[in-house]
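Residues per chain, in single letters:
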Amino acid sequence: MTITVRKAAEADIDIVAQALLESSRGGKRIGLFDLVFNTSDTETLLAHIKRLALTKTKSYCHFSNFFIAVAEGKAVGTICGYEPRIATHEIFSKALEEIGFDETYHERIAAYLLCEGEVDNKTFVLDFMLVKPEFKSIDVFKELIGKSMLTARLKGYRKVQTSVEIGSVETEMIYKKLGFEVVDEKRSEYYKEQFDRPGIMRMRIEL
């Protein structure tokens, strides 16, 4: 199977929105966007997320931060890679405001904020990875992550990191196979109560 990776376009909004929703849920009952948008109706969430990914304000959820893996002429996977010095939390709030949502979501995601991994402006961040079940292989993940790291290197970054929920063994193993190491982890009973996971680990690789 030949895999190519390209930058996402507006036409890829379906798989981008699916990645944002599914990776944030990570097999759990609810995820971050359920709380941001205060609903767990999948159809409603996907509609909101698509609008968020298409705003003029380029938050870390914007489609332009995504890469698309293509195999057999189809989009089979995606990953988000962004610069935290540009795509800040303030920019995220501004993008939400653009589609009619205010900052009251902060209260609803308090447990997440307790365990969110720290990041500095000299680090490139990967997030929201999704590969369709029938195409899941280390090769697809390797191409997606590899292309993202190449982009980071070309932008002058020497460190790339991602956040993985403690207990998401498959995702943790994929990143470890590609050279990432666990830097630290944050645990919280509040997080476990809300998401049924102990917390979040931060993984990083030096380029």
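Further up the page is the structure itself.
Since we're looking at a predicted model, the values are computed, not measured. (Residues numbered from 1 in each chain as written. Predicted model: local features only at pLDDT ≥ 70, side-chain atom pairs only at ≥ 80, totals over all residues. Heavy atoms only, no water.)

Chemist: Got a minute to help me understand helix H1 (residues 13–25) in this structure?
Modeler: Residue pairs three or four apart in sequence face the same way in an α-helix, which turns once every 3.6 residues. Taking 1.5 Å of rise per residue, 13 residues should cover 18 Å, and H1 covers 18 Å from first to last C-alpha, within 8% of that figure. For H1, the full list of buried residues reads Ile13, Ile15, Val16, Ala17, Ala19, Leu20, Leu21, Ser24 and Arg25. Next to the buried residues of H1 lie helix H2 (32–36), helix H3 (42–53), strand E2 (66–71), strand E3 (74–82) and strand E4 (123–131). (Helix = DSSP H or I, 4+ residues; strand = E, 2+ residues; numbered from the N terminus. Expected span 1.5 Å × (residues − 1). Buried < 20%, exposed > 50% of the residue type's maximum accessible area, 1.4 Å probe, protein only. Contact = heavy atoms within 4.5 Å.)

Chemist: What should I look at first to understand the pattern of salt bridges in this one?
Modeler: Proximity of charged atoms lets side chains of opposite charge pair with each other. One pass over the full model with this rule turns up 13 salt bridges. With its nearest N and O atoms 3.0 Å apart, the salt bridge here joins glutamate 165 to lysine 28. Separated by 137 residues along the polypeptide, glutamate 165 in strand E5 (residues 159–165) and lysine 28 in the loop between H1 and H2 bring together distant segments of the chain. For the pair shown, glutamate 165 and lysine 28 are each scored as buried. Note that glutamate 185 is salt-bridged to arginine 187, the shortest N-O span being 2.7 Å. Each member of the salt-bridge network shares a partner with another, and the members are Lys28, Glu165 and Arg197. (Salt bridge = Lys/Arg side-chain N within 4 Å of Asp/Glu carboxyl O.)

Chemist: Mind showing me how you'd approach the nonpolar core here?
Modeler: Soluble globular proteins tend to bury their nonpolar side chains together. Membership of the largest hydrophobic core comes to 40 residues, with the highest contact counts inside it found for Leu20, Phe33, Phe37 and Leu52. A per-element tally of this core places H1 first, with seven residues. The residues touching leucine 52, leaving out its near neighbours within four places in the chain, are Phe33, Phe37, Cys61, Phe92, Ala95, Leu96 and Ile99. Listed in part, the 29 residues of the second largest apolar core include Met129, Val140, Tyr175 and Phe180. (Core = buried A, V, L, I, M, F, W, Y, C linked by side-chain atoms within 4.5 Å.)

Chemist: Quick question: what am I supposed to make of the layout of surface pockets here?
Modeler: Volume-wise, the second largest pocket comes out at about 250 Å³. Taken together, 14 residues form the lining of the second largest pocket, with Ser64, Asn65, Gly81, Glu83 and Lys155 sitting closest to its centre. In terms of residue class, the lining of the second largest pocket is built from five nonpolar, five polar and four charged. (1 Å grid on protein atoms, 1.4 Å probe; cavity = no way out; pocket = protein on both sides within 12 Å on 5 of 7 lines; lining within 4 Å. Points joined across faces, edges and corners; volume = space filled by probe spheres on them. Nonpolar A, V, L, I, M, F, W, Y, C, P; charged D, E, K, R; others polar.)

Chemist: Sorry, what's going on with a negative patch on the surface here?
Modeler: A cluster of acidic side chains, namely Glu90, Glu97, Asp102 and Glu103, defines a negative patch on the protein surface. Along the polypeptide, glutamate 103 turns up in the loop between helix H4 (89–98) and helix H5 (105–108). (Patch = residues over 30% accessible without salt bridge, like charges linked within 9 Å, V, L, I, M, F, W, Y side chains within 5 Å. Areas by Shrake-Rupley, 256 points an atom, 1.4 Å probe, with all protein chains shown as cover. Lys, Arg positive; Asp, Glu negative; His and termini not counted. Charge placed at Lys NZ, Arg CZ, Asp CG, Glu CD.)

Chemist: Just to check I follow, could you spell out the packing of aromatic side chains for this structure?
Modeler: Within a pair of aromatic rings, the relevant descriptors are the distance that separates the centres and the angle that separates the planes. Counted by the stated rule, this structure contains ten aromatic pairs. Geometrically, the ring pair formed by phenylalanine 37 and phenylalanine 101 is edge-to-face, given 4.9 Å between the ring centres and 75 degrees between the ring planes. Separated by 64 residues along the polypeptide, phenylalanine 37 in the loop between H2 and H3 and phenylalanine 101 in the loop between H4 and H5 bring together distant segments of the chain. Accessibility expressed as a relative area gives 5% for phenylalanine 37, which makes it buried. Geometrically, the ring pair formed by tyrosine 191 and phenylalanine 195 is tilted, given 4.7 Å between the ring centres and 45 degrees between the ring planes. Here tyrosine 191 pairs with phenylalanine 195, and both are found in helix H9 (residues 189–195), just four residues apart, close to one helical turn. For the pair shown, tyrosine 191 and phenylalanine 195 are each scored as buried. Grouping aromatic residues by their ring pairs yields a cluster made of Phe33, Phe37, Phe66, Phe101 and Phe128. (Phe/Tyr/Trp six-rings, centres within 6.5 Å; stacked < 30°, edge-to-face > 60°.)

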